[in-house]
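Architecture and fold: a report
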Amino acid sequence: MDLDEDRETMGLLGHTHQNGIYKRYVQPFLAELVGTTLFLYVATMSHTISGLSPLAQGFVFVVLVGSLGHISGAHFNPAVTLAALLCGAIRIIPAVTYVGAQVTGAVLGAALCRGSMKNTSYISIGGGALRVYTNESYTNESVSHQQQFVVDSGNAVVVEMMLTTLLILCILMTAIDTKGKTLMAPLTIGFAIGAGAFAGSSTTGGAMNPVRAFGPAVAFTTFDDTVWDNHWIYWVGPFSGSILAAIIYRLFLAHDDRRLLFKKIN
């Protein structure tokens with residue numbers, strides 16, 4: 001998508017610079033709030049269907065990016081916003097408001113999931129929350145229920161970092177890069193989310209998104225406060241992956257206007 005000189009890139013699909021506080025700040029904030037709420041609602045509710053939650057997450061992301069991308073860029077993920085900031089695709093003030101909307105939307109979406117079920121049903125799916133079972137937090141019952149392996153915290157960080165790197169590189173190359181932008185971006189991003197969620201399902205759950213873990217943890221904590229065990233992994237891993245992807249992109253893969261190295265080499 002070509003941008004005029006008086007426009008600025010705001011996220012995944014590009015957001016036209018608009019005069020007025022509403023269109024520049026309020027409307028994108030609301031788009032991030034609504035989009036993250038709906039994403040978390042689908043992500044948590046889909047835990048009722050064993051093994052198919054990654055598909056639901058990928059599908060709903062395709063829909064949300066296609067629907068709201070022209071307003072906010074459709075981040076719905078602080079790790080995406082961080083990468084966009086590092087790559088010059090969003091400014092600091094909008095980035096801060098985006099993260100606020102994402103955190104709020106995640107809690108709201110998870111709370112709506114809780115309000116959509118009886119307590120027994122909600123507890124049976126663990127509130128749709130993600131967990132990492134390390135040697136210190138291991139319980140046979142919980143690991144059997146979640147169908148996850150016991151892993152070291154370091155291994156879990158690497159999993160989240162690598163899966164997030166995959167997702168962020170996909171976003172940068174298909175939706176932010178000047179030359180690589182494509183109308184297929186929503187589909188490729190949805191596939192990346194589904195693939196990552198499947199790949200991480202037996203270790204971390206494949207969050208790739210700090211608020212994907214945060215919202216359900218807040219909603220489920222009244223039933224089981226151990227949901228916060230190892231929760232830090234879902235922040236350190238995705239943010240590390242976001243930074244790694246941004247470095248790879250800015251140094252080597254970006255188009256000339258964003259690439260920092262080898263600009264004069266054909």
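Fair warning: this is a prediction, and the values are worked out from it, not measured in the lab. Sequence positions are assigned chain by chain, starting from 1 and proceeding in written order. Confidence filtering applies because this is a predicted model: local features only for residues at pLDDT of at least 70, side-chain atom pairs given and counted only at 80 or more, and all residues used for totals across whole chains, interfaces and linings. To get the side-chain values, all heavy atoms of the structure are used, and hydrogens and water are removed first.

**What about the overall build of the protein chain?**
Of the regular secondary structure elements, the protein chain holds 10 helices and zero strands. Of all 266 residues assigned to the protein chain, the portion counted as buried reaches 50%. Throughout, a residue-residue contact means that at least one pair of heavy atoms, one from each residue, lies within 4.5 Å. Intrachain contacts of the protein chain at a sequence separation of at least 6 include 71% that bridge at least 24 residues. Computed with a 1.4 Å probe, the accessible areas rest on the Shrake-Rupley method; for each residue, only the protein chains presented here act as cover. When the accessible area of the protein chain is evaluated, it comes to approximately 12,000 Å², of which 64% is carbon and sulfur surface. For helices the rule is a DSSP run of H or I covering at least 4 residues; for strands it is a run of E covering at least 2, with both sets numbered from the N terminus onward. Any residue under 20% of the maximum accessible area for its type is buried, any over 50% is exposed, and the rest in between are partly exposed; the area is computed with a 1.4 Å probe on protein chains only.

**Thoughts on the pattern of salt bridges**
We define a salt bridge as a side-chain nitrogen of Lys or Arg found within 4 Å of a carboxyl oxygen belonging to Asp or Glu. Summed over all chains, the structure comprises two salt bridges. In this structure, Arg 131 and Asp 224 form a salt bridge, with 2.7 Å as the shortest nitrogen-oxygen distance. Here Arg 131 is found in the loop between helix H5 (119–124) and helix H6 (140–146), whereas its partner Asp 224 is found in the loop between helix H9 (210–220) and helix H10 (233–253), with 93 residues between them in sequence. With its nearest N and O atoms 2.8 Å apart, the salt bridge here joins Asp 256 to Arg 259. Judged by relative accessible area, which is 39%, Asp 256 ranks as partly exposed.

**Considering the nonpolar core**
What we call a nonpolar core is a set of buried Ala, Val, Leu, Ile, Met, Phe, Trp, Tyr and Cys residues that are connected through their side-chain atoms within 4.5 Å. Ranked by internal contacts, the top residues of the largest apolar core, which has 40 residues, are Phe 61, Leu 167, Ile 168, Ile 171, Ile 176 and Ile 189. When residues of this core are traced back to their parent elements, those giving at least two are helix H1 (21–45), helix H2 (53–72), helix H3 (78–86), helix H4 (92–115), helix H7 (153–176), helix H8 (185–199) and H10. At nine residues, H7 tops the list of elements feeding residues into this core. Ranked by size, the runner-up nonpolar core spans 10 residues in total, among them Cys 113, Tyr 122, Ile 125 and Ala 217.

**A word on the environment of Phe 252**
With respect to the helices and strands, the residue Phe 252 is situated in helix H10. Separated by 10 residues in the primary sequence, Phe 252 and Phe 262 place their C-alpha atoms 7.9 Å from one another. In this view, Phe 252 contacts Arg 259, Leu 261 and Phe 262; residues no more than four positions away in its chain are not counted.

**Here we look at H1**
Multiplying one less than the number of residues by 1.5 Å gives the expected span of a helix. Taking 1.5 Å as the rise per residue, H1 with 25 residues should run 36 Å; its terminal C-alpha atoms sit 35 Å apart, in good agreement. Take the seven residues that end at a residue and the seven that start at it, fit an axis to each, and the angle between those axes is the bend at that residue. Taken as a whole, H1 carries its principal kink of about 25° at Gln 27; the proline Pro 28 stands between one and four residues after it. Where H1 is concerned, the buried positions are Pro 28, Ala 31, Glu 32, Leu 33, Gly 35, Thr 36, Thr 37, Phe 39, Leu 40, Ala 43 and Thr 44. Residues of H1 that are buried in the fold lie against H2, H4 and H9.

**Notes on the packing of aromatic side chains**
Between rings of Phe, Tyr and Trp, where Trp is taken as its six-membered ring, a pair exists when centres lie within 6.5 Å; planes separated by under 30 degrees are stacked, by over 60 edge-to-face, and by other angles tilted. As enumerated under the stated definition, the model contains eight aromatic pairs in all. Relative to Phe 239, the ring of Trp 235 has its centre 6.0 Å away and its plane inclined at 45°; by these criteria the two rings are tilted. Separated by four residues within a single helix, Trp 235 and Phe 239 lie in helix H10, roughly one turn from each other. What makes Trp 235 partly exposed here is its relative accessible area of 25%.

**Thoughts on unusual backbone geometry**
Even without a glycine there, the phi angle at Ala 74 is positive, about 55°. Locating Ala 74 in the fold gives a position in the loop between H2 and H3. By relative accessible area, Ala 74 is classed as buried at 0%. In the Ramachandran plot, Asn 230 falls in the positive-phi region, its phi being about 65° despite a non-glycine side chain. Within the secondary structure, Asn 230 sits in the loop between H9 and H10. By relative accessible area, which is 15% here, Asn 230 ends up buried.

**Thoughts on a nonpolar patch on the surface**
Exposure above 30% relative accessible area and no salt bridge define the residues that can form patches, which grow by joining like charges within 9 Å and nonpolar side chains of Val, Leu, Ile, Met, Phe, Trp and Tyr within 5 Å. On the surface, Ile 49, Leu 52, Leu 55, Phe 59 and Phe 198 cluster together to form a nonpolar patch covering roughly 470 Å² of accessible area. Inspection of the secondary structure assignment puts Leu 55 in helix H2. Residue classification places Leu 55 among the partly exposed residues on the basis of a relative accessible area of 36%.

It is worth stressing that arrangement in space is one thing and function is another; only the former is reported here.
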